[in-house]
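Descriptive structure summary
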Amino acid sequence: MSKNNIKNRGIAKIASNFSAQHLLINQRLIHDLIDLAEIKPKDTVLDIGAGTGAITFPLAARAANVTAIESDPAFAGKLLNKLNEATNIRVKQVDFLQYSLPKGPFTVVANIPYSITTPILRKLLDYPTVMLERAVLIVEKGAAQRFTVNSVTDPRILKWRMWYDIKLVRSVPPHHFSPPPRVESAVLTIRKKKKFTVPPHHHLRFMALAEHGLQYPQFPFYAALTDVFRSPQITKLVRMLRIDRNQPICSLTEQQWGELFLAMVQHVEPWRWPRISKKYIRKK
Ligand SMILES: C[S@@+](CC[C@H](N)C(=O)[O-])C[C@H]1O[C@@H](n2cnc3c(N)ncnc32)[C@H](O)[C@@H]1O
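What you see is a predicted model; the values in this text were computed from it and never measured.

**So, the site of the ligand**
Taken together, 20 residues surround the ligand, and among them L23, G49, G51, N111 and P113 come closest. Taken together, the residues that form the shell around the ligand break down as 11 nonpolar, 6 polar and 3 charged.

Spelled out as C-alpha cells, the structure:
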C-alpha cells in the first residue's frame, strides 16, 4: 500500500471517529436530562462520554461530584482545561468499558457513544449488585425501542427489566446535536425498582430460566417450559399467573416471570432448573 493510501485511510478513520461524536447543543434538553435524573446535592454522578462537557458542567452545579469519563485524549484535555474553579469534577481519560464503577450509590446522566450502547448497559445493568440508582441516557431511538418493547424476546433485556424500570421518555431530533446524527435519538430513563420480585442474588439463575424459556419466544407458554415444570405444575402456574396456556411465552409480564421463577426455586427439583451458562459468571 502506498504512503498516501495509508495516510488517507488514517484521515478517513479520524473523520469517521469524529463524526461519531455528536455533541449536544440544546441547552433546554441538557437541563431536562438533569431534571429527569432528579439530581440531589449529595449525589455522585457519572457522565459517560463527556465530550467537551456539555452535560458535565451543568451537572456539577447540582451534584456533590461528577466524574467525566472520556476516552478521546483531545476531548479529555479540553475538559481539563475548562475545569477552573469546578472542584467537584474529576476527568477520567479512559474507555468506560474498562472503568471501575463507584462502590457506593451513583447516577448516570449521559449522551453515550451509540456504537457501544449495549456494552455500556451490560456494564451498568447485568449485575444488580452494581450500585446504579438511576440513569438518564440519550441513545439511538431504535435501541430505546428495543429496551422498552412490550413483549420481551431478549432474555438479557428481560433480566434488566426485572430490577430496573426502563422507559423511553421522548424522541430527540437530529438538530439537537452537532454534527446531527443520521439516526433519530431518544431519552431513556432507567430507575432501580423499589421492590424486586426476584432477589438480586438470583440474577444468574433467573437469566438461565429466561434464556431457556425464550429460546423460541413465540412458543406457547406450556410448550416453552415443559423441560422445567411437570404437566400438573404447568396447570397450576396457568391458574396462578392468570394466563392462557397457549399464549406466547414472550407475552408474560416481568411480574409473571418473577412469580414463575419463584415457583421454580420453591417447587421444582434443582436438577430440572436450566443451567447457568459459564459466560455469565464474572471473573473476580
Ligand atoms: C455522542 S458524544 C457525547 C459528547 C458529550 N457528552 C455531549 O453530549 O456533547 C460521545 C462521546 O463519547 C466518547 N467515547 C466514545 N467511546 C467511548 C468510550 N469507550 N469510553 C468513554 N468515552 C467514549 C466520544 O469521544 C464522545 O466524546
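**Digging into the nonpolar core**
Within soluble globular proteins, side chains that are nonpolar tend to cluster in buried spots. Ranked by internal contacts, the top residues of the largest apolar core, which has 70 residues, are V45, V108, V109 and L137. Not counting residues within four places of it along the chain, the set of residues in contact with V45 comprises I39, L59, A63, V66, F106, T107, V108 and V109.

**With respect to the UniProt feature "binding site: S-adenosyl-L-methionine" (unreviewed entry) in the protein**
Per the UniProt record, "binding site: S-adenosyl-L-methionine" (unreviewed entry) is annotated on H22, L24, G49, E70, D95 and N111. Relative to the helices and strands, G49 resides in the loop between β2 (44–48) and α3 (56–60). Among the residues examined, G49 registers 22 C-beta atoms within 10 Å and is labelled buried. Residues contacting G49, with those up to four places away along its chain left out, are E70, F96, A110, N111, I112 and P113. Topologically, N111 is positioned in strand β5 (residues 106–111). Taking the C-beta count within 10 Å as the criterion, N111 has 28 such neighbours and is therefore assigned buried. Sequence-distant contacts of N111, that is, excluding residues within four places in its chain, are made with L24, G49, I55 and I138.

**So, the sheet that holds strand β9 (residues 185–192)**
The sheet built from 7 strands is open, its strands ordered β4-β3-β2-β5-β6-β9-β7 with mixed pairing. Strands at the two margins of the open sheet, each flanked by one partner only, are β4 (89–92) and β7 (164–172). On average, adjacent strands in this sheet sit at an angle of 20° to one another, irrespective of strand direction. Most of the contacts of helix α5 (residues 117–125) go to strand β6 (residues 132–140), to which it runs at about 175°, and overall it touches β2, β5, β6 and β7. On the sheet, helix α7 (residues 155–163) packs against β7 and β9 and is oriented at approximately 105° with respect to β7.

**A short note on the UniProt feature "domain: Ribosomal RNA adenine methylase transferase N-terminal" (unreviewed entry) in the protein**
According to UniProt, the feature "domain: Ribosomal RNA adenine methylase transferase N-terminal" (unreviewed entry) maps to residues 29–194 in the numbering used here. End C-alpha atoms of residues 29–194 are separated by 27 Å, and the span's content is 30% helix alongside 29% strand.

**Describing helix α8 (residues 203–213)**
If you check which residues of α8 are buried, you get H203, F206, M207, A208, L209, A210 and G213. Taken together, the buried residues of α8 touch α7, α9 (221–224) and α11 (254–267).

**Some thoughts on unusual backbone geometry**
Each neighbour pair has its own omega, and for S178 with P179 the value is -10°, a cis peptide bond. Looking at the element boundaries, P179 is found in the loop between β8 (177–178) and β9. Here E38, not a glycine, exhibits a phi torsion of approximately 50°, which is positive. Relative to the helices and strands, E38 is located in the loop between α2 (27–36) and β2. Although it is not a glycine, R242 adopts a positive phi angle of roughly 50°. The residue R242 is located in the loop between α10 (231–241) and α11 in this model.

**Quick look at helix α4 (residues 73–82)**
Three or four residues apart is the spacing at which side chains of an α-helix point the same way, because the helix has 3.6 residues per turn. Every buried residue of α4 is listed here: F75, A76 and L79. Viewed along the axis of α4, the buried residues span an arc of 100°, placing them on a single side of the element. The exposed set on the far side of α4, more than 90 degrees from its buried face, consists of P73, A74 and N81. Elements that come into contact with the buried residues of α4 comprise α3, β3 (65–69) and β4. N84 lies just past α4 and shows a positive phi near 45°.

**Side note on the pairing of β6**
For β6, a buried count of 7 out of 9 residues is recorded, marking the element as mostly surrounded by other parts of the structure. Examined bridge by bridge, β5 and β6 share 6 bridges and lie parallel to one another. Bridging from a neighbouring strand, A110 pairs with L137 of β6. Where the polypeptide runs from β5 across α5 and back to β6, its parallel neighbour, the crossover connection is right-handed. Taken together, the 7 bridges between β6 and β9 define a ladder with antiparallel strand orientation. Paired with V139 across the bridge in β9 is A186.

Parameters at a glance
- Residues numbered from 1 in each chain as written.
- Predicted model: local features only at pLDDT ≥ 70, side-chain atom pairs only at ≥ 80, totals over all residues.
- Near = placed C-beta within 6 Å.
- Nonpolar A, V, L, I, M, F, W, Y, C, P; charged D, E, K, R; others polar.
- Core = buried A, V, L, I, M, F, W, Y, C linked by C-beta atoms within 7 Å.
- Buried ≥ 20, exposed ≤ 12 C-beta atoms within 10 Å, placed from the backbone.
- Contact = placed C-beta atoms within 7 Å.
- UniProt positions renumbered as here; feature names shortened; annotations may be inferred.
- Helix = DSSP H or I, 4+ residues; strand = E, 2+ residues; numbered from the N terminus.
- Pairing = 2+ DSSP bridges.
- Axes fitted to C-alpha atoms, helices over the stretch in contact; angles between N-to-C directions.
- Arc of directions from axis to C-beta.
- Right-handed = clockwise from strand over helix to strand, strands pointing away.

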